[in-house]
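# Understanding the architecture of this molecule
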Amino acid sequence: MKKSTQELFLTGFLFGSAQVGTYFHLLLAEGGASILYFLLILVWLLGSLAGMFLPFKKELGTTYKLVCLLLFALSVIVCEFVQSLFFSCWMTFIVLLCAFSFGAYAGWFLQSRVERYKDAGFVLLYENNGFTLGYFTSAALLFLSSDFTNALVLVSGCLLLFYPEPGQKIQEQ
């Protein structure tokens, strides 16, 4: 597997596992309502639109990775260990901000990689396969413990830090 396909697959894996992880944190924060899942997806998609269309997007890959990892770590700490914030708007805000940042990274990532490789089908094939595997792996690990799901997101995010941004500049439209 070439390094470019590995990065696409691993990034998709991160997005899938992060979506399950952030939703589980939202369940911890607010309880089990199905509307919360749709709220999380809405916030994630709004973040994707922001990542694709806002003008601050030149070489932000490493910044997005670090912000996503830090916000996910914050949501893990707050949702798992700070009992005084359970069912508070602050906890919900932190988790939704985490989802928004992952969405912004996803939107930026897809746009930048399609521009780089000039083939949306190639990018989406590997990213979506990684997303699906990450989603199912993370969901399966929830049957064991949420700690495994949290570790999976953090480890896959840390592994992505070893993939440097491509040297080619992204053209502005």
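So, here's what we can say about the structure. (Residues numbered from 1 in each chain as written. Predicted model: local features only at pLDDT ≥ 70, side-chain atom pairs only at ≥ 80, totals over all residues. Heavy atoms only, no water.)

## Let's talk about the packing of helix H3 (residues 61-81) against helix H4 (residues 89-117)
Put simply, the test is: A fitted line through C-alpha atoms serves as each axis, taken over the contacting stretch for helices, and the angle formed by two N-to-C directions is quoted from 0 to 180°. Strands are runs of DSSP state E lasting at least two residues, helices are runs of H or I lasting at least four, and both sets are numbered from the N terminus onward. Oblique is the label for any angle not covered by the other classes, which are roughly parallel (under 35 degrees), roughly antiparallel (over 145) and roughly perpendicular (65 to 115). We call a crossing left-handed when the near helix sits turned anticlockwise from the far one by less than a right angle, and right-handed when that turn is clockwise. Residue contacts are defined here by distance: any two heavy atoms, one from each residue, within 4.5 Å place the two residues in contact.
At a closest axis distance of 9 Å, the pairing of H3 and H4 adopts a crossing angle of 155 degrees. Here H4 runs roughly antiparallel to H3, going by the angle between their axes. Viewed along their axes, H3 and H4 form a crossing whose handedness is left-handed. Counted together, Gly61, Tyr64, Lys65, Val67, Cys68, Leu71, Phe72, Leu74, Ser75, Val78 and Cys79 of H3 and Met91, Ile94, Val95, Leu97, Cys98, Ser101, Phe102, Ala104, Tyr105 and Trp108 of H4 form the full contact between these two elements.

## Side note on the packing of aromatic side chains
Spelled out, the test is: Between the rings of Phe, Tyr and Trp (Trp by its six-membered ring), a pair exists once the centres lie within 6.5 Å; its type follows the angle of the planes, with under 30 degrees stacked, over 60 edge-to-face, and the other angles tilted. Relative accessibility decides the category of a residue: with a 1.4 Å probe and only protein chains considered, values under 20% of the type maximum give buried, values over 50% give exposed, and everything between is partly exposed.
Tallying each qualifying case throughout the model produces 15 aromatic pairs. Aromatic side chains Phe15 and Tyr105 sit 5.2 Å apart centroid to centroid with 75 degrees between the ring planes, which places their arrangement in the edge-to-face category. Of the two residues, Phe15 sits in helix H1 (residues 3-30) while Tyr105 sits in helix H4, which places them 90 residues apart along the sequence. Comparing Phe15 with Tyr105 shows no difference in burial state: the two are buried.

## Some remarks on the nonpolar core
Note the threshold: We define a nonpolar core as any set of buried Ala, Val, Leu, Ile, Met, Phe, Trp, Tyr and Cys residues linked to one another through side-chain atoms lying within 4.5 Å.
One finds Phe15, Trp44, Phe102 and Tyr105 to be the most contacted residues of the largest nonpolar core, which totals 35 residues. In terms of residues, this core owes the most to one element, H4, which gives twelve residues. When sequence neighbours within four positions are dropped, the list of residues in contact with Tyr105 reads Thr11, Leu14, Phe15, Gly61, Tyr64, Lys65, Cys68 and Leu160.

## A few points about a nonpolar patch on the surface
For clarity, the threshold we go by: Like charges are joined within 9 Å and nonpolar side chains (Val, Leu, Ile, Met, Phe, Trp, Tyr) within 5 Å, but only among residues with over 30% relative accessible area and no salt bridge; these make up the patches. Here the Shrake-Rupley method, with its probe set to 1.4 Å, supplies the accessible areas, and only the displayed protein chains count as covering residues. Salt bridges, as used here, are contacts in which a Lys or Arg side-chain nitrogen is within 4 Å of a carboxyl oxygen on Asp or Glu.
A surface patch of nonpolar side chains, amounting to about 900 Å² of accessible area, comprises Leu39, Leu42, Leu46, Leu49, Phe53, Trp90, Phe93, Leu97 and Phe100. Among the elements of the structure, helix H2 (34-53) and H4 are those that each provide at least two residues to the nonpolar patch. The greatest single-element share of the nonpolar patch, amounting to five residues, is contributed by H2. One can find Trp90 in helix H4. The exposure class assigned to Trp90 is exposed, which follows from its relative accessible area of 57%.

## Points about unusual backbone geometry
The phi torsion at Lys118 lies on the positive side, around 60 degrees, for a residue other than glycine. Note on placement: Lys118 falls in the loop between H4 and helix H5 (120-141).

## Observations regarding H2
Selection criterion: To estimate the expected span of a helix, subtract one from its residue number and multiply by 1.5 Å. Arc definition: it is the arc formed by the directions from the helix axis to the C-beta atoms.
For H2, which comprises 20 residues, the first-to-last C-alpha distance of 29 Å matches the rise-based estimate of 28 Å (1.5 Å per residue) to within 8%. Taken together, the buried positions of H2 are occupied by Leu36, Leu40, Val43, Trp44, Gly47, Ser48, Ala50 and Gly51. Buried residues of H2 fall within an arc of 165 degrees about the axis and therefore sit on the same side. Every exposed residue of H2 that faces more than 90 degrees away from the buried side is listed here: Ser34, Ile35, Phe38 and Phe53.

## Observations regarding the packing of H4 against H5
The relative placement of two packed helices is expressed as an angle between their axes plus a distance between the axes. Using the following cut-off: The residue classification treats Ala, Val, Leu, Ile, Met, Phe, Trp, Tyr, Cys and Pro as nonpolar and Asp, Glu, Lys and Arg as charged. All others, Gly included, are polar.
Direction vectors running N to C along H4 and H5 enclose 135 degrees, while the axes themselves pass 8 Å from each other. When the interaxial angle is binned, H4 and H5 end up oblique. Relative to H5, the crossing made by H4 is right-handed. Across the interface between the two elements, Phe109, Leu110, Arg113, Val114 and Tyr117 of H4 pack against Ala120, Phe122, Val123, Leu124 and Glu127 of H5. A per-class count over the contact of H4 with H5 returns eight nonpolar, no polar and two charged.

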